[in-house]
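# Secondary and tertiary structure notes
So the chains spell out like this:
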Amino acid sequence: MKIGVSACLLGENCKYDGGNNRSDPLIELLKGHDIIPFCPERMGGLSCPRVPCEIIGRRVIGKDGQDYTRAYQDGAEAAYKLLKDSDVRCVVLKRNSPSCGYTAVYDGTFTHTLRRGSGVFASKLSNRKYFILEV
């Protein structure tokens, strides 16, 4: 089975702070499957490390006050195309991310406060036929 996985969960240093969210239990669980790693933020042209961003209304705003919405949208489109072209139907996403958060994201106050909602990429997937897991 082909499974799309947020690259940070696989140990790729693509997180906003230059680190990753490696999950050894997830990597063990995925053994034997065809893994398609992706990072919508990097695919949208954002650097690593980069300014932390949160969703405010319909915009993705950095802690520096700049609007990064276009990069997040471009990355979501590129990641979606990769998964579609790779015939992926199951996706494992990094929870709370402004790109990949599926059930909750940070509220835009940069205080680690969560609210219900989805990141830019997860929102794109939710209207299509994907099995989505959050880690």
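The preceding data block contains the structure.
Read on for an overview of the structure. Because the structure is a prediction, the values reported are computed rather than measured.

## Some details on the overall build of the chain
Of the regular secondary structure elements, the chain holds 4 helices and 8 strands. Counted from the first residue to the last, the chain has its helices and strands arranged as β-α-β-α-β-β-α-β-β-β-α-β. Here the C-alpha coordinates of the chain stretch approximately 45 × 30 × 25 Å along the principal axes. Counting all 135 residues of the chain, 43% fall into the buried class. For the chain, restricting intrachain contacts to residue pairs at least 6 apart in sequence, the fraction spanning at least 24 positions comes to 62%.

## As for the packing of aromatic side chains
According to the stated counting rule, one finds 2 aromatic pairs in the structure shown. Taking the centre distance of 5.1 Å and the plane angle of 55 degrees together, the rings of F38 and F121 count as tilted. In this pair, F38 sits in strand 2 (residues 34-38) while F121 sits in helix 4 (residues 120-126), placing the two residues 83 residues apart along the sequence. When sorted by exposure, F38 lands in the same class as F121, which is buried. With 6.3 Å between their ring centres and 70 degrees between their planes, Y80 and Y130 make a pair best called edge-to-face.

## Notes on the nonpolar core
Formed by 15 residues in total, the largest nonpolar core has its most connected members in F38, L83, V91, L93, F121, L125 and Y130. Within the residue set of this core, elements represented by two or more residues are strand 2, helix 3 (69-85), strand 5 (90-93) and helix 4. Sort the elements by how many residues they give to this core and helix 3 lands first, with 4 residues. Filtering out sequence-adjacent residues up to four positions away, L83 remains in contact with G4, I36, F38, V88, V91, F121 and Y130. Listed in part, the 11 residues of the second largest apolar core include V5, A7, C8 and C90.

## What about the sheet that holds strand 2?
Overall, parallel pairing links the 4 strands, which are arranged 2-1-5-8 in an open sheet. Here the strands that pair on one side only, and so sit at the sheet edges, are strand 2 and strand 8 (131-134). Each strand of the sheet is rotated relative to its neighbour by a mean of 20 degrees, with strand direction disregarded. One ladder, built from 3 bridges, connects strand 1 (residues 2-6) with strand 5; its direction is parallel. Opposite I3, over in strand 5, you have C90 as the bridge partner. Where helix 3 meets the sheet, its contacts fall on strand 1, strand 2 and strand 5, and the angle it forms with strand 2 comes to roughly 165 degrees.

What counts, and at which threshold
- Residues numbered from 1 in each chain as written.
- Predicted model: local features only at pLDDT ≥ 70, side-chain atom pairs only at ≥ 80, totals over all residues.
- Heavy atoms only, no water.
- Helix = DSSP H or I, 4+ residues; strand = E, 2+ residues; numbered from the N terminus.
- Buried < 20%, exposed > 50% of the residue type's maximum accessible area, 1.4 Å probe, protein only.
- Contact = heavy atoms within 4.5 Å.
- Phe/Tyr/Trp six-rings, centres within 6.5 Å; stacked < 30°, edge-to-face > 60°.
- Core = buried A, V, L, I, M, F, W, Y, C linked by side-chain atoms within 4.5 Å.
- Pairing = 2+ DSSP bridges.
- Axes fitted to C-alpha atoms, helices over the stretch in contact; angles between N-to-C directions.

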